[in-house]
2 protein chains.
Amino acid sequence: MISWFEIPEDSDFSLANIPFGIFRTEGRPRAATRIGDSVIDLDVLHKAGLFSGINLPEEIFSQSVLNDFIALGKPTTNRTRERIQELFDASNGELRDNWATRVDAIRKADGTDMLMPVRVGDYTDFYSSREHATNVGTMFRDPNNALLPNWLHIPVGYHGRASSIVISGTPLHRPKGQTKADDAELPTFGPSRLLDFELEMAFIVGKSNDLGTSVSVEEAEDHIFGMVVFNDWSARDIQKWEYVPLGPFLAKNFGSSISPWIVTMEALEQFRSPSPKQEPAVLPYLEMKKDHNFDINLEAIIETESGAAKTVSNSNFKHMYWSMAQQLAHHTINGCNMNVGDMCASGTISGPTPDSYGSMLEITWRGSKPISMPDGTERKFIQDGDTVIMKAFCEKDGKRVGFGEVRTKVLPAV
Amino acid sequence: MISWFEIPEDSDFSLANIPFGIFRTEGRPRAATRIGDSVIDLDVLHKAGLFSGINLPEEIFSQSVLNDFIALGKPTTNRTRERIQELFDASNGELRDNWATRVDAIRKADGTDMLMPVRVGDYTDFYSSREHATNVGTMFRDPNNALLPNWLHIPVGYHGRASSIVISGTPLHRPKGQTKADDAELPTFGPSRLLDFELEMAFIVGKSNDLGTSVSVEEAEDHIFGMVVFNDWSARDIQKWEYVPLGPFLAKNFGSSISPWIVTMEALEQFRSPSPKQEPAVLPYLEMKKDHNFDINLEAIIETESGAAKTVSNSNFKHMYWSMAQQLAHHTINGCNMNVGDMCASGTISGPTPDSYGSMLEITWRGSKPISMPDGTERKFIQDGDTVIMKAFCEKDGKRVGFGEVRTKVLPAV
């Protein structure tokens, strides 16, 4: 697709992408898409009549979240996305030649204030990378039996905190909490000393199912609107002391960070990829009849307060043992109801080699192999003042569809 | 307090109570209180000018949930509650002598369609009864080390599913899922065979705190609007196979049931009670300077399809080792933000004796001591067609404040 609009060749936001997000202008939230280095105000396009063939409520793009838009359903949201592609196509003059609307609708992405794209009703975190689960099991349990008995049968997941999911750019304070040293008799209280990131992606539910009903693997992708990059911040020392027997709690719920643009499943379609072979065979309700994984390059970067930056992980979403379709089918097999806007994260996405591990826990192997930063300092875990940046993009046959980034600065404990 | 209105002497809904809920009338939701056997439409009282001294938005009682009302803050919600008490006081004629408003506002509770009182943003389940944790540890781990090392230091909790919390009267289907017998090599799929209730109570957050801030034990009760009875349905066989290492997931999120009336902390004030002695001493951020527990009688009843009913548990909320104030202080000590309407359940409330255990798992000791029902059948766990009813009330010096009940029928697996 060639556009009349300037789109840098290496942009995540090509005309093949057309993601959705929410930005703030003059104190008010608005729905937008992103093309190249520009944010496109969808409310302006809509009020100018440029979506006239599509059944969109008048104020659908002037809400503070995308939930109502997403709930209109894929026929409508896809039609909207395709219409935006049409409007920016080289052969189309409807917007190109309408200078008043262009000036109103198009603004520089740089400096634009992005907001949470959806109201997240419930948030679930999975644990679906075999390499990650194996690394964790090797470090904390038994290298010869690294995977727990259920892991190859169940896309293991647990509920997380929806209220503390924040948008890229929102700084987070290092959490305080209880920790206990192995050789100490009693726990102590203070700031976490083992603050870590987890390189994840998350999908956003696009179609609700009622309590008591299930979504099959085949139907699942029709229930997924799109994806974002997800940093599942983790305080390893708090987690270690609290997590038995009911799972991680305060080690996680002080904050999780997401990238601002929801890339649709339709934009990701051409990057579909096979999953790793699943053996032993999964139960029938988890069987896949086609490829449900996606080839998405992932990168995690640490940037120090002084600006020294280093890529510490290059991973890929295609390594995921359990697909999103399987996760959603499993999540609902007991009748659990999912609502539009609910978010499901993948779990740390680690690849097979150390340079593709998705957390500092694994990269530095519990701190035993510190990383050297360009400014001469070392990192075992994340320090106050560090900014963690995660990026994701797909590339194939010269086409690029990307997510931009999620960027979070860590502030000292309050 | 003596009323001009007829209130049965043993009613949970005395003039000392005045809880808040949402009911449906002519297809529309309305806020209400309950007095004796009647539901009082607060929208009618408000539109009749009977709350004129209080700063209440005009449509505050015609919304589908109480979140906005609760968010007005305790000075306003308490003033509203006290004004209702005043209107029903024997000496007050404002409502008593206004027949048109009385006819509009007062209706029989029996047959009234109650709805979820709040939109639950996030839901957390604690694990705060020492007797329950000890029973579970004795059964599944080591009777000599029944409590895990962190239990006496942390009010252990985990995130649950908010979307599947339903109001009393909503039937639930037996969940299906993966289970694995101890002697089987592979898991199988089918309806849960060990469906259980958990006798709990839950508090509703009444005041939000921002991400990065904490609520102290002293401030905590000012952040709690009130309480409901909570049935934390659990599929024991699904739970056993899935819960390591990240906690219960599909074993719980197929449904949780609550009683419809939120009883305010102010109504519970006179039933304040000491907590069990906490030894070893808790960390300073969890220290209590006064009594934060409450003397609330609890009962669980199983009613068979044929109508044969049996009380299977008589417990009390005062047995809780960790108080709600400690739970909320712990939940926010890492900066986790809580929003108005968020719900925190207690965990199963078991007392010291077998007749006060709060789950079938404990009552029948994993099914080894079945219960005889009045119709001659036996129960190890809950069967299809059974209705589980939970009741809660406080009584002291002839005053009674109660919660009514939460009642849930179990339907066969879909």
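Numbering of residues starts from 1 in every chain and runs along the sequence as written. All chains are assigned letters beginning with A, and all ligands numbers beginning with 1, in the order in which they are written. With pLDDT at 70 or above as the cut-off, local features in this predicted model cover only qualifying residues; side-chain atom pairs require 80 or more to be listed or tallied, and sums for whole chains, interfaces and linings still use all residues. Values shown for side chains rest on all heavy atoms present in the structure; no hydrogens or waters enter the calculation.

Engineer: With reference to specific residues and values, describe the relation of the copies chain A and chain B.
Structural biologist: Copy one and copy two of the chain differ by a rotation about an axis and a translation along that axis. Superposition of the copies was done by least squares, using only C-alpha atoms of residues whose pLDDT is at least 70 in both. Expressed as a screw transformation, the operator carrying chain A onto chain B has a rotation angle of 180° and an axial translation of 0.0 Å, and the superposed copies differ by an RMSD of 0.0 Å. In the structure described here, the two chain copies are related by an operation that fits a two-fold rotation axis. For chain A, the residue whose C-alpha comes nearest the rotation axis is A:Gly247, separated from it by 2.2 Å. By definition, residues are in contact when any of their heavy atoms lie within 4.5 Å. Mapped onto chain B, 100% of the interface residues of chain A again fall at the interface, so both copies present the same surface.

Engineer: Go over the pattern of salt bridges with me, naming the residues and quoting the values.
Structural biologist: In what follows, salt bridge is the name for a side-chain nitrogen of Lys or Arg lying within 4 Å of a carboxyl oxygen of Asp or Glu. Taken as a whole and judged by the stated rule, the model has 56 salt bridges over all chains. The shortest N-O distance in the salt bridge between A:Glu305 and A:Lys409 comes to 2.6 Å. With A:Glu305 in the loop between strand E20 (297-303) and strand E21 (309-316) and A:Lys409 in strand E26 (residues 399-411), this residue pair connects regions lying 104 residues apart in the sequence. Taking relative accessible area as the criterion, A:Lys409 reaches 31% and is therefore assigned partly exposed. With a shortest N-O distance of 3.2 Å, B:Lys47 and B:Glu59 are connected by a salt bridge. With B:Lys47 in helix H1 (residues 42-47) and B:Glu59 in the loop between H1 and helix H2 (67-71), this residue pair connects regions lying twelve residues apart in the sequence. Salt bridges here are not isolated pairs; linked through shared partners, they connect A:Arg30, A:Asp41, A:Asp43, A:Lys47 and A:Glu59. Under the scheme used here, helices are H or I runs from DSSP no shorter than 4 residues and strands are E runs no shorter than 2 residues, and both carry numbers assigned from the N terminus. Three labels apply to residues, based on accessible area from a 1.4 Å probe with only protein chains included: buried if under 20% of the type maximum, exposed if over 50%, partly exposed otherwise in between.

Engineer: Explain the domain arrangement of chain A to me, using residue names and the numbers behind them.
Structural biologist: Residue and element names in this part refer to chain A. An automatic or database domain assignment supplies the start and end points of every domain. In terms of domains, chain A is made up of domain 1 (21-115) and domain 2 (123-411). Distance from the C-alpha centre of domain 1 to the C-alpha centre of domain 2: 30 Å. Contacts between the two partners involve 16 residues from domain 1, matched on the other side by 17 residues from domain 2. Both faces considered, domain 1 and domain 2 share a buried interface measuring about 1,300 Å² in area, 66% of it formed by carbon and sulfur atoms. The interface formed by domain 1 and domain 2 holds one salt bridge in total. Between Glu 266 and Lys 74 there is a salt bridge; the shortest N-O distance is 3.0 Å. For the side of domain 1 that touches domain 2, the elements supplying multiple residues, two or more each, are strand E2 (28-35), helix H2 (67-71), helix H3 (74-87) and strand E5 (113-115). When residue character is reported, Ala, Val, Leu, Ile, Met, Phe, Trp, Tyr, Cys and Pro are called nonpolar, Asp, Glu, Lys and Arg charged, and the others, Gly included, polar. Classifying every residue of the side of domain 1 that touches domain 2 by side-chain character gives eight nonpolar, five polar and three charged. Accessible area that two parts lose when put together, evaluated with a 1.4 Å probe and summed over both, is termed the buried area.

Engineer: Quick one: what's the story with helix H3 (residues 74-87) of chain B, residue by residue and with numbers?
Structural biologist: Expected helix span is taken as 1.5 Å per residue step, with the number of steps being one fewer than the number of residues. Counted at 1.5 Å a residue, the expected span for H3(B) with its 14 residues is 20 Å, and the 19 Å between its end C-alpha atoms agrees. For H3(B), a buried count of ten out of 14 residues is recorded, marking the element as mostly surrounded by other parts of the structure.

Engineer: I'd love a proper account of the pairing of E20(A), names of residues and values included.
Structural biologist: A regular strand carries its side chains on alternate faces of the sheet. Residues and elements named next belong to chain A. A strand pair is defined by DSSP finding two or more bridges across the two strands. Strand direction decides the pairing type here: E20 and E21, joined by seven bridges, are antiparallel. Across the sheet, residue Leu 298 finds its bridge partner in E21, namely Ser 315. Across seven bridges, the pairing between E20 and strand E25 (residues 387-396) is antiparallel. Bridging from a neighbouring strand, Glu 299 pairs with Lys 391 of E25.

Engineer: I'd like a rundown of the sheet that holds strand E5 (residues 113-115) of chain B, residues and numbers included.
Structural biologist: Backbone hydrogen bonds hold the strands of a sheet together, and the pairing may be parallel or antiparallel. All names here are of chain B. Spatially, E4-E3-E2-E1-E5 is the arrangement adopted by the five strands of the open sheet, whose pairing is antiparallel. Single-partner strands in this sheet number two, and they are strand E4 (106-108) and E5. The mean inter-strand angle of the sheet, taken between neighbouring strand axes irrespective of direction, is 45°. Across three bridges, the pairing between strand E3 (residues 38-41) and E4 is antiparallel. Residue Ser 38 lies in a different strand from E4, and its bridge partner there is Lys 108. Every angle, taken between N-to-C directions, lies between 0 and 180 degrees, and every axis is a line fitted to C-alpha atoms, over only the stretch in contact when it is a helix.

Engineer: Describe in detail the confidence of the model for chain A, supporting the description with residues and values.
Structural biologist: This prediction gives chain A a mean pLDDT of 97; 100% of its residues lie at or above 70. Overall fold confidence (pTM) sits at 0.98, and the ipTM for the predicted complex is 0.97. Looking at any residue, its pLDDT shows the predictor's confidence there, from 0 to 100.

Engineer: Any details on the interface of chain A and chain B? Residues and values, ideally.
Structural biologist: Taken together, the contacts link 56 residues of chain A with 56 residues of chain B. For the chain A and chain B pair, buried surface summed over both sides reaches about 5,200 Å², with 64% attributable to carbon and sulfur atoms. For the pair chain A and chain B, the number of links is four salt bridges. Note that A:Arg161 and B:Asp122 form a salt bridge whose closest N and O atoms lie 3.5 Å from each other. Of all elements in the fold, only strand E6 (123-126), strand E7 (157-160), strand E10 (176-179), strand E11 (188-191), helix H7 (236-242) and helix H9 (324-332) of chain A reach the threshold of two or more residues within the side of chain A that touches chain B. Examining the composition of the side of chain A that touches chain B, we find that four residues originate from one element, E7(A), more than from any other. Residues belonging to the side of chain A that touches chain B are distributed by class as follows: 31 nonpolar, 19 polar and six charged.

Engineer: Describe the environment of B:His159, listing the residues and the values that go with them.
Structural biologist: Within the element layout of this structure, B:His159 appears in strand E7 (residues 157-160). With a relative accessible area of 4%, B:His159 lands in the buried category. Taking the C-alpha atoms as reference points, B:His159 and B:Ala345, separated by 186 residues in sequence, lie 10 Å from one another. In this view, B:His159 contacts A:His159, A:Gly160, A:Arg161, A:Phe249, A:Asn253, B:Tyr123, B:Thr124 and B:His331; residues no more than four positions away in its chain are not counted. For the purposes of these results, a polar contact is taken to be a pair of N or O atoms within 3.5 Å, where, inside protein, one atom must be able to donate a hydrogen and its partner to accept one; residues adjacent in sequence count only when each atom of the pair is a side-chain atom. Side chain to side chain, B:His159 and A:Asn253 meet in a polar contact 3.2 Å long.

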